[in-house]
Amino acid sequence: QVQLVDSGGGLVQAGGSLRLSCAASGRTFSRYTMGWFRQAPGKEREFVAAISWSGTNTYYTDSVKGRFTISRDNAKNMAYLQMNSLKPEDTAVYYCAADPRDNPISNSGRAWSSWGQGTQVTVSS
């Protein structure tokens, strides 16, 4: 499995931006699909975005389309989530996730094999 460390969360006003980063260990980063999930207090963990191993294909949950952008740099073993036009309802702990690229891309957290420790994003109104 790949080891993940996510960072970049913080407190931001509504309408602001943040960029989350996910650093992966190992030499096989390009063998993994990368994703971001989030979990708000009292709610289940939900899918936010995913990116294929090559970066060619990206997927988003409807509520973040047009505001969030997922990307990756395979040379640096990094994945990113650029979040613009943030809303208070985006407040959550955000988790980076990875899964072998041969597996179907799933919006269920149960399908993903590796997780970061989470980074808190708080959007004030």
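To keep things clear, this report deals only with the structure shown in the data block. (Residues numbered from 1 in each chain as written. Predicted model: local features only at pLDDT ≥ 70, side-chain atom pairs only at ≥ 80, totals over all residues. Heavy atoms only, no water.)

Regarding the pairing of strand E7 (residues 68-73)
Residues Phe68, Ile70 and Arg72 line the buried face of E7, whereas the alternating positions Thr69, Ser71 and Asp73 sit on a face that is not buried. As defined by bridge partners, E7 adjoins strand E8 (residues 78-83) across six bridges and the pair is classed as antiparallel. In the strand pairing of E8, Ser71 is matched with Tyr80. (Buried < 20%, exposed > 50% of the residue type's maximum accessible area, 1.4 Å probe, protein only. Helix = DSSP H or I, 4+ residues; strand = E, 2+ residues; numbered from the N terminus. Pairing = 2+ DSSP bridges.)

Topic: the sheet that holds E7
Spatial ordering of the open sheet is given by E1-E3-E8-E7, a layout of four strands whose pairing is antiparallel. This sheet does not close on itself; its edge strands, each paired only once, are strand E1 (4-7) and E7. Along the sheet, successive strands turn relative to each other by an average axial angle of 15°, direction set aside. Note: strand E3 (residues 18-24) against E8, six bridges, orientation antiparallel. (Axes fitted to C-alpha atoms, helices over the stretch in contact; angles between N-to-C directions.)

Quick word on the packing of aromatic side chains
For the structure on display, the rule yields four aromatic pairs. Aromatic side chains Tyr95 and Trp115 sit 6.4 Å apart centroid to centroid with 80° between the ring planes, which places their arrangement in the edge-to-face category. You can see Tyr95 sitting in strand E9 (residues 92-100) and its partner Trp115 sitting in strand E10 (residues 114-115), a full 20 residues away along the chain. Judged by its relative accessible area of 13%, Tyr95 is buried. On the basis of relative accessibility, which here comes to 27%, the residue Trp115 falls in the partly exposed class. Ring pairing ties together the aromatic residues Phe37, Phe47, Tyr95, Trp112 and Trp115, which thus form one cluster. (Phe/Tyr/Trp six-rings, centres within 6.5 Å; stacked < 30°, edge-to-face > 60°.)

Concerning unusual backbone geometry
A positive phi is found at Asn77, a non-glycine position, where the angle reads about 55°. Along the chain, Asn77 falls in the loop between E7 and E8.

Concerning the state of the cysteines
A disulfide bridge is the covalent bond that connects two cysteines by way of their sulfur atoms. By the definition in use, this model includes one disulfide. Disulfide pairing places Cys22 opposite Cys96 at an S-S distance of 2.0 Å. Measuring the twist about the S-S bond at about -75°, one finds the Cys22-Cys96 disulfide to be left-handed. Here Cys22, found in strand E3, pairs with Cys96, found in strand E9; they are 74 residues apart in sequence, far enough to count as distant. Accessibility classification places Cys22 together with Cys96 in one group, the buried group. (Disulfide = S-S within 2.5 Å.)

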